[in-house]
Every structure is written in structure tokens, then in C-alpha cells.
Amino acid sequence: MDKDIEKTDINEELQKNLLTRLRRVEGQVKGIYKMVDSQVCCKDVLVQIAAVRAAINKVGGLLIENYARNCMGVEHGSEQEEGLEQLIDTLNSFIK
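Residues numbered from 1 in each chain as written. Predicted model: local features only at pLDDT ≥ 70, side-chain atom pairs only at ≥ 80, totals over all residues. Heavy atoms only, no water.

### A few points about the overall build of the protein chain
Then, number 1: Secondary structure assignment for the protein chain yields three helices and zero strands.
Then, number 2: Sequence-ordered secondary structure for the protein chain, helices as α and strands as β, is α-α-α.
Then, number 3: Whereas a compact globule of 96 residues would reach a radius of gyration of roughly 12 Å, the protein chain reaches 17 Å, over 25% beyond that.
Then, number 4: If you line up the protein chain on its principal axes, its C-alpha atoms span 55 × 35 × 25 Å.
Then, number 5: When the 96 residues of the protein chain are sorted by exposure, 17% land in the buried category.
Then, number 6: Within the protein chain, residue pairs in contact and separated by at least 24 positions form 53% of the contacts whose partners lie at least 6 positions apart.
Then, number 7: Just so you have it, the protein chain exposes about 8000 Å², and 54% of that area is on carbon and sulfur atoms.
Then, number 8: Here the protein chain contributes 13 positively and 16 negatively charged side chains, and the mean placements of these two sets differ by 12 Å. (Helix = DSSP H or I, 4+ residues; strand = E, 2+ residues; numbered from the N terminus. Rg over C-alpha atoms; globule rule 2.2 N^0.38 Å. Buried < 20%, exposed > 50% of the residue type's maximum accessible area, 1.4 Å probe, protein only. Contact = heavy atoms within 4.5 Å. Areas by Shrake-Rupley, 256 points an atom, 1.4 Å probe, with all protein chains shown as cover. Lys, Arg positive; Asp, Glu negative; His and termini not counted. Charge placed at Lys NZ, Arg CZ, Asp CG, Glu CD.)

Below is the structure:
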């Protein structure tokens with residue numbers, strides 16, 4: 001890892017969750033590769049691509065949520081926390 005890259009503030013549970021999701025995405029992408037190689041119907045391939053996009057969006061959403069809650073310096077119980085929670089909910093709805 002590059003020495004200039006900051007370490008994240010991700011707890012072990014979230015890290016495990018993200019790695020599990022990413023392994024699943026990796027498997028889905030390999031499946032898509034095989035489908036294309038086998039000349040499977042485009043519609044079926046597109047369904048799998050949509051599944052990968054949704055899975056990656058979920059990974060991104062979890063990382064955004066973690067960043068917002070743990071890295072932005074908003075104090076627990078502050079007025080700003082309520083707005084932050086609303087923003088997280090809105091972003092999660094948008095990326096679904």
C-alpha cells in the first residue's frame with residue numbers, strides 16, 4: 001500500500017461485511033465473463049451486470065455511511081448529527 005494513502009476508520013465488522021460483498025461481486029464478474037465467452041443471451045448478461053452494479057452501489061453506500069459517521073467530525077448528539085443522518089438516508093435511497 002502507498003505510504004501516502006491514509007488508513008480508513010473501518011471497524012472489523014464493517015470490513016468483514018465489505019470484503020464478503022466484494023468477493024461476491026468478484027464472483028459475479030467472473031460469471032459475466034464466462035457468460036460473454038459462452039455467448040449467452042445479451043438480456044441474461046445485462047441482468048447480471050445490473051446485479052453487479054447494485055452490489056457495488058451497496059458497498060459504496062456502506063463506505064459513505066461509515067465515512068459520514070466516523071470521519072467527518074460530527075459530534076454524537078449534536079444538532080448536525082440529525083442532518084447527517086438525513087443525508088445518509090437520502091444517499092442510501094438514491095444509490096439503491
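The discussion continues.
### Some thoughts on the pattern of salt bridges
If charged atoms from side chains of opposite charge come close, those side chains can pair.
Then, number 1: Counting across every chain of the model gives three salt bridges.
Then, number 2: Measuring nitrogen to oxygen at the nearest pair gives 2.2 Å for the salt bridge that ties glutamate 65 to arginine 69. Taken as a pair, glutamate 65 and arginine 69 lie in helix H2 (residues 42-70) at a separation of four residues, close to a single helical turn.
Then, number 3: Owing to a relative accessible area of 36%, arginine 69 belongs among the partly exposed residues under this scheme.
Then, number 4: The partner of arginine 69 in a salt bridge is glutamate 85, with the nearest N and O atoms 2.6 Å apart. One end of the pair, arginine 69, is in helix H2; the other, glutamate 85, is in helix H3 (residues 79-95), and 16 residues separate them in sequence.
Then, number 5: Under the relative-accessibility criterion, glutamate 85 is labelled partly exposed at 23%.
Then, number 6: Each of Glu65, Arg69 and Glu85 takes part in one network of salt bridges that share partners. (Salt bridge = Lys/Arg side-chain N within 4 Å of Asp/Glu carboxyl O.)

### A few points about H2
Then, number 1: The first and last C-alpha atoms of H2 sit 42 Å apart over 29 residues, in line with the 42 Å expected at 1.5 Å per residue.
Then, number 2: Listed in full, the buried residues belonging to H2 are Val45, Val52, Val59, Gly61, Leu62, Glu65, Asn66 and Ala68.
Then, number 3: If you follow the buried residues of H2, they end up packed against helix H1 (12-37) and H3. (Expected span 1.5 Å × (residues − 1).)

### A word on a nonpolar patch on the surface
Then, number 1: On the surface, Leu19, Leu22 and Ile56 cluster together into a nonpolar patch covering about 230 Å² of accessible area.
Then, number 2: Of note, leucine 19 is situated in helix H1. (Patch = residues over 30% accessible without salt bridge, like charges linked within 9 Å, V, L, I, M, F, W, Y side chains within 5 Å.)

### Looking at H3
Then, number 1: In a regular helix each residue adds 1.5 Å, so 17 residues correspond to 24 Å; H3 covers 25 Å between its end C-alpha atoms and thus fits that length.
Then, number 2: Along H3, the residues that are buried comprise Glu81, Leu84 and Ile88. Projected down its long axis, H3 shows its buried positions confined to an angular sector of 55°, all on one face. Residues of H3 that are exposed and point more than 90 degrees away from the buried face comprise Glu79, Glu82, Thr90, Ser93 and Phe94.
Then, number 3: Among the structural elements, H2 are those in contact with the buried residues of H3. (Arc of directions from axis to C-beta.)

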